[in-house]
Amino acid sequence: MKSKKFIAAEMVAGMALSASVGAYAASNIETIKAQLNHGLGFVVNGQAYTPKDAVGKSLDPIVYNNTTYLPVRALGEALNVPVTYDAAEQKVVIGAKNGTGNSGTPAGETASGLTAVTYTASQKSAAKAAFAAFEGFEAAYAPMQATAGDKFRSVGAGGDSVTYVFDKMKVAVAPRDDSFGYDLTPVTLSNGVKGNWYKPSDKDMLTFPVGDRFVTIWSDNGSLTKAQIQAVAVHVEKASF
């Protein structure tokens with residue numbers, strides 16, 4: 001299976017990055033006639049995806065000479081691959097600039113600073129047992145990536161949810177949305193899923209749907225930023241335990 005970084009590299013041809021025209025020499029600018037395709041939809045890693053700019057405005061692909069051009073920065077965020085613009089060299093940089101490997105990140109770590117969570121056989125059994133305690137809720141869901149340096153500790157059932165405990169975060173999977181009744185701040189994750197931030201006490205919590213479940217992620221010790229939690233959120237999925 002191709003990695004997200006490799007997919008992004010393949011798709012870079014024909015993508016557009018927002019930049020000031022004044023950053024380029026006039027001789028490098030050519031006026032063309034193209035069309036915006038308002039009806040073309042996207043799916044990223046199995047989820048519907050709408051490209052958006054920095055302020056959340058939807059972006060439509062451009063069609064020119066039978067080629068579809070996509071906003072590279074928005075797509076990079078959807079695939080968790082950093083995209084920057086080097087004004088001095090007039091280059092779009094996808095991934096790391098230093099050329100270390102494919103992304104410049106340590107082995108096992110993605111460009112977004114996440115690492116894959118490896119569950120032992122006993123941890124998988126514990127997760128399966130936790131979900132099996134609920135009738136109609138037996139299928140296991142789990143976070144498949146965590147922030148670099150975080151460590152998975154335990155998983156168990158309590159109340160009507162199953163909670164994964166890490167050093168830096170907790171991930172609860174439940175059949176209902178526990179954010180009801182609180183002041184909500186809507187957010188759209190990089191995979192297009194819509195969720196909400198809310199604060200029932202002194203901790204910011206992110207809740208969002210995955211399949212027929214609702215997932216809530218928070219950092220008890222406050223060591224994770226909202227951006228890090230949102231990056232982890234897109235990797236909570238049905239597990240093959």
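Before going into details, it helps to say that this report is about the structure given with it. All values reported here derive from a predicted model rather than from experimental measurement.

**Concerning the sheet that holds strand 13 (residues 161-166)**
And then number 1: Spatially, the 7 strands line up as an open sheet ordered 12-13-14-18-17-16-15, and their pairing is antiparallel. Only two strands of the sheet have a single partner each, and these edge strands are strand 12 (152-158) and strand 15 (185-188). Averaged over all pairs of adjacent strands, the angle between strand axes in this sheet comes to 20°, irrespective of strand direction.
And then number 2: In this sheet, strand 16 (residues 194-198) lies alongside strand 15 in antiparallel orientation, the contact comprising 4 bridges. Considered in strand 16, the bridge of Thr188 is made with Lys194.
And then number 3: The strands that helix 3 (residues 121-132) touches are strand 12, strand 13, strand 14 (170-174) and strand 18 (213-218); relative to strand 12, the one it contacts most, it runs at about 20°.

**Digging into the packing of aromatic side chains**
And then number 1: A complete count under the given rule lists 8 aromatic pairs for this structure.
And then number 2: Ring geometry for Phe152 and Tyr164: centres 6.0 Å apart, planes at 45°, overall tilted. Here the residue Phe152 occupies a position in strand 12, and Tyr164 occupies one in strand 13, the gap between them amounting to 12 residues. For the residue pair Phe152 and Tyr164, the accessibility class agrees, reading buried in each case.
And then number 3: Cluster of aromatic residues (ring-pair linked, three or more members): Tyr119, Phe152, Tyr164, Phe166 and Phe241.

**A word on helix 3**
And then number 1: Relative to the 16 Å expected for 12 residues at 1.5 Å per residue, helix 3 spans 16 Å between its end C-alpha atoms, a close match to the ideal helical length.
And then number 2: Listed as buried for helix 3 are Gln123, Ala127, Ala130 and Phe131. The arc that holds every buried residue of helix 3, seen down its axis, measures 95°, which confines them to one face. Away from its buried face, by an angle of more than 90 degrees, helix 3 presents the exposed residues Ala121 and Ser122.
And then number 3: Considering only its buried residues, helix 3 is in contact with strand 10 (141-143), strand 12, strand 13, strand 14 and strand 18.

**Section: the pairing of strand 13**
Here is the key point about a regular strand: its side chains alternate between the two faces of the sheet.
And then number 1: Two strands pair when backbone bridges link them, and strand 12 and strand 13 are joined in this way by 6 bridges, in the antiparallel orientation. Across the sheet, residue Ser154 finds its bridge partner in strand 13, namely Val165.
And then number 2: As paired strands, strand 13 and strand 14 are joined by 4 bridges and run antiparallel to one another. Within strand 14, the position partnered with Tyr164 by the bridge is Val171.
And then number 3: In textbook terms, the turn of a hairpin is the stretch between consecutive antiparallel strands, and for strand 13 and strand 14 this stretch comprises 3 residues.

What counts, and where the lines are drawn
- Residues numbered from 1 in each chain as written.
- Predicted model: local features only at pLDDT ≥ 70, side-chain atom pairs only at ≥ 80, totals over all residues.
- Heavy atoms only, no water.
- Pairing = 2+ DSSP bridges.
- Helix = DSSP H or I, 4+ residues; strand = E, 2+ residues; numbered from the N terminus.
- Axes fitted to C-alpha atoms, helices over the stretch in contact; angles between N-to-C directions.
- Contact = heavy atoms within 4.5 Å.
- Phe/Tyr/Trp six-rings, centres within 6.5 Å; stacked < 30°, edge-to-face > 60°.
- Buried < 20%, exposed > 50% of the residue type's maximum accessible area, 1.4 Å probe, protein only.
- Expected span 1.5 Å × (residues − 1).
- Arc of directions from axis to C-beta.

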